[in-house]
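The residues making up each chain are set out below.
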Amino acid sequence: MKKLLFSTLFLLVAAPVLVFGYGISLDFNKIKDTLSATQNLMIEDNLEQEIEIGRVISGRLLGAHNLMTDKQLQQYVNKVGRWVASQSERSELQWQFGVIDADSINAFSAPGGYIFLTKGLYQLLNSEAELAAVLAHEIGHVVQKHQLKILKKSALIHFGRLLVESTLDQKQSGMAMNNLVGYGAEMLSRGLDKDSEFEADKIGVVLTARAGYNAYALPIVLQEIGHAGMNNQSDVRLMFKTHPHPNDRLDELAPGMEGFSGDGQMVDDRFYRI
Amino acid sequence: MRKLLYIFLFLIPFTADTAALMTGKVFIDINLLDEPNNSGNVIESLNANTPITIQQRQSSWSQVETAANIGWVPTLTIRIVSVTQQSNVDGATDVVTERLGGVGTKKTVVATFGIRGIDEESLKGAELSEEQLALLESYQVSKSVAAQFSRTAGLKSKRVDYFDVTVEVEQ
């Protein structure tokens with residue numbers, strides 16, 4: 001792995017030098033030292049680091065928009081979310097769920113098991129199964145480490161550029177980390193690629209069904225969001241910026257949904273309304 | 001007028017007191033059945049784009065009204081075209097209807113300005129809030145508490161395999 005990493009970085013760093021003949025002398029000993037100090041930070045699969053990255057990104061999201069102050073609501077969402085997450089391949093993560101006080105209609109996740117949805121989206125929901133489905137979609141991103149994979153890619157490019165400049169010291173490696181977390185926060189507003197979203201939808205449907213809820217809860221939410229979007233309300237604009245259009249998502253889900261009978265529960269009687 | 005409508009719709013909370021009447025169309029050729037399951041009798045054969053009004057949902061099925069009949073179609077065969085919000089205020093009923101076309105087409109993202117709530121700038125400029133993180137953590141529940149909570153609603157976990165997705169088994 002280390003060898004592969006070094007080769008990748010070498011390509012990133014050295015290739016431009018060789019091709020374009022820049023007169024930069026690289027201190028490879030310094031690079032090696034720097035790598036040993038930084039590679040564990042971003043490159044290796046390390047749960048502790050993943051959680052820390054997620055914590056910092058989430059902290060910044062919450063710095064922009066606070067959690068709703070309704071304790072009962074937050075505990076309810078955590079119980080539903082934790083139950084759904086328990087059906088996943090990462091059931092032992094310390095999952096945390098929060099409803100943030102924002103009118104926009106969207107949901108977010110960060111590495112390590114941090115999941116958020118906005119008050120605006122929550123108010124669109126009509127049952128516990130629909131809530132479970134929204135959370136399950138976001139859990140899907142964490143299970144597949146979608147954000148982390150992009151951050152890692154970004155880290156390679158970022159460190160590569162710094163290494164070309166051959167000026168990566170401890171202070172700057174800290175700055176690089178900071179920038180990276182900033183990029184993670186920005187990703188919350190920019191969104192992931194379409195394929196990651198479709199994948200999270202498919203995982204979301206399965207986790208919803210595994211938890212005993214109606215597997216069609218996610219398609220139903222997508223239809224609700226779709227018609228909210230048709231009204232062109234500004235509240236859904238970010239959702240459409242960070243996710244593919246709900247109709248495209250429904251089209252992508254439809255073939256796989258044929259295998260689901262829809263016999264799970266909707267649980268609308270105890271759904272906590274705000 | 002449109003702007004006023006959006007403001008009005010935004011003011012209407014999506015609560016149990018607010019009823020939404022949804023009209024739409026089926027987007028494929030599909031049979032309208034007399035029961036919400038595949039063994040129901042065919043009432044009418046609907047062509048793609050037949051207009052419908054959604055009456056209710058049950059499981060994976062939606063009860064819809066066509067020009068001539070009421071019956072059931074799979075929820076996933078429907079695309080919603082318009083929504084009517086009915087809100088009861090002091091005994092009076094205000095009905096606001098917005099008809100929109102082009103549903104089912106590949107719509108692209110709407111404008112990026114004027115986002116309420118979370119936007120790029122507020123995220124970029126935000127400082128980490130330890131206080132909010134601590135609050136978030138305080139709401140966390142254990143796996144066993146969540147399992148207990150699910151049992152009170154009669155939820156049981158099932159074995160369901162992923163489709164079209166490869167998930168690595170790891171923690």
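Quick note: structure is the one above.
All figures in this text were calculated on a predicted structure; none of them were measured in a lab.

Asks: Please give an account of the overall build of chain B that cites residues and values.
Replies: Within chain B one finds four helices and eight strands. Starting at the N terminus and walking to the C terminus, you meet the elements of chain B as α-β-β-β-β-β-β-β-β-α-α-α. Across chain B, contacts joining residues at least 24 apart in sequence account for 50% of those joining residues at least 6 apart. Element-wise, carbon and sulfur atoms account for 51% of the exposed surface of chain B, whose accessible area totals about 10,000 Å².

Asks: Please give an account of the environment of Ser-129 of chain B that cites residues and values.
Replies: With respect to the element layout, Ser-129 of chain B can be found in the loop between α2 (120–125) and α3 (130–138). Discounting chain neighbours no more than four positions away, the residues touching Ser-129 of chain B are Gly-59, Leu-62 and Gly-63 of chain A.

Asks: Give a description of the layout of surface pockets that names residues and reports values.
Replies: Rolled over the atoms, a probe sized like a water molecule indicates the empty space that remains. Estimated volume of the second largest pocket: approximately 310 Å³. Lining the second largest pocket are 16 residues, with Tyr-216 and Glu-258 of chain A together with Pro-74, Leu-76 and Thr-77 of chain B sitting closest to its centre. Residues of the lining of the second largest pocket, tallied by class, amount to ten nonpolar, five polar and one charged.

Asks: How would you summarise unusual backbone geometry if you had to cite specific residues and measurements?
Replies: Only a minority of non-glycine residues have a phi that is not negative, and only a minority of peptide bonds are not trans. One non-glycine residue, Lys-145 of chain A, adopts positive backbone phi at about 55 degrees. Along the chain, the position of Lys-145 of chain A falls in the loop between α6 (128–143) and α7 (146–164). Even without being a glycine, Asp-164 of chain B presents a positive backbone phi close to 60 degrees. Looking at where Asp-164 of chain B falls in the secondary structure, it is placed in the segment after α4 (143–152).

Asks: So what's going on with the packing of aromatic side chains? Residues and values would help.
Replies: Per the counting criterion, the structure on display carries six aromatic pairs over all chains. Seen from their ring centres, Trp-95 of chain A and Phe-97 of chain A are 6.4 Å apart, and the 15 degrees between their planes marks the pair as stacked. Pair check on accessibility: Trp-95 of chain A and Phe-97 of chain A agree, each one buried. Seen from their ring centres, Tyr-122 of chain A and Phe-271 of chain A are 5.3 Å apart, and the 20 degrees between their planes marks the pair as stacked. Of the two residues, Tyr-122 of chain A sits in helix α5 (residues 119–122) while Phe-271 of chain A sits in the segment after α12 (246–257), which places them 149 residues apart along the sequence. You can call Tyr-122 of chain A buried: its relative accessible area is 1%. A cation over a ring is seen here: Arg-210 of chain A above Tyr-162 of chain B, with NZ or CZ 4.4 Å from the ring centre. Here the guanidinium or amino end of Arg-270 of chain A rests over the ring plane of Phe-149 of chain B, the centre of that ring lying 3.6 Å away.

Asks: How would you summarise the pairing of strand β1 (residues 96–100) of chain A if you had to cite specific residues and measurements?
Replies: Among the five residues of β1 of chain A, five are classified as buried, and the element is accordingly described as predominantly covered. Of the two faces of β1 of chain A, both are covered, the one formed by Gln-96, Gly-98 and Ile-100 of chain A as well as the one formed by Phe-97 and Val-99 of chain A.

Asks: Explain the pattern of salt bridges residue by residue, including any values.
Replies: Across all of its chains, the model carries 14 salt bridges over all chains by this definition. Here Arg-55 of chain A and Glu-52 of chain A are joined by a salt bridge, their closest N and O atoms 3.4 Å apart. Of this pair, Arg-55 of chain A and Glu-52 of chain A both sit in helix α3 (residues 47–64), three residues apart, which is roughly one turn of that helix. Sharing partners across several salt bridges, the network here consists of Glu-52 and Arg-55 of chain A together with Glu-130 of chain B.

About the cut-offs
- Every residue gets a number counted from 1 within its own chain, in the order that chain's sequence is written.
- By the order in which they are written, chains take letters starting at A while ligands take numbers starting at 1.
- With the structure being a predicted model, the display of local features is reserved for residues of pLDDT at least 70 and the display and counting of side-chain atom pairs for 80 or more, all residues being used for whole-chain, interface and lining totals.
- As a convention, hydrogens and water are excluded, and side-chain values are obtained from all of the structure's heavy atoms.
- Runs of H or I in DSSP of at least four residues are treated as helices and runs of E of at least two as strands, each being numbered from the N terminus.
- We call two residues in contact whenever any of their non-hydrogen atoms come within 4.5 Å of each other.
- Only the protein chains shown count as cover for residues, with accessible areas throughout obtained via the Shrake-Rupley method and a probe of 1.4 Å.
- Throughout, the protein atoms alone are placed on a 1 Å grid, and a set of points is a cavity if a 1.4 Å probe fits but cannot get out or a pocket if it is open with protein on both sides within 12 Å along at least five of seven lines; lining residues have an atom within 4 Å of a point.
- Grid points are joined across faces, edges and corners, and a volume is the space filled by probe spheres set on the points.
- Following the grouping adopted for this structure description, the nonpolar residues are Ala, Val, Leu, Ile, Met, Phe, Trp, Tyr, Cys and Pro, the charged ones are Asp, Glu, Lys and Arg, and the polar ones are all others, Gly among them.
- Ring geometry is summarised as follows: Phe, Tyr and Trp rings, the Trp one being its six-membered ring, pair when their centres sit within 6.5 Å, and such pairs are stacked at plane angles under 30 degrees, edge-to-face over 60 and tilted between the two.
- Per-residue accessibility, obtained with a 1.4 Å probe over protein chains only, is compared with the maximum for each type, and a residue is labelled buried under 20%, exposed over 50%, and partly exposed between these values.
- Placement of a positive charge over a ring is assigned whenever Lys NZ or Arg CZ falls within 6 Å of the ring centre and within 35 degrees of the normal to the ring plane.
- Basic side-chain nitrogens of Lys or Arg form a salt bridge, by our definition, when they fall within 4 Å of a carboxyl oxygen of Asp or Glu.

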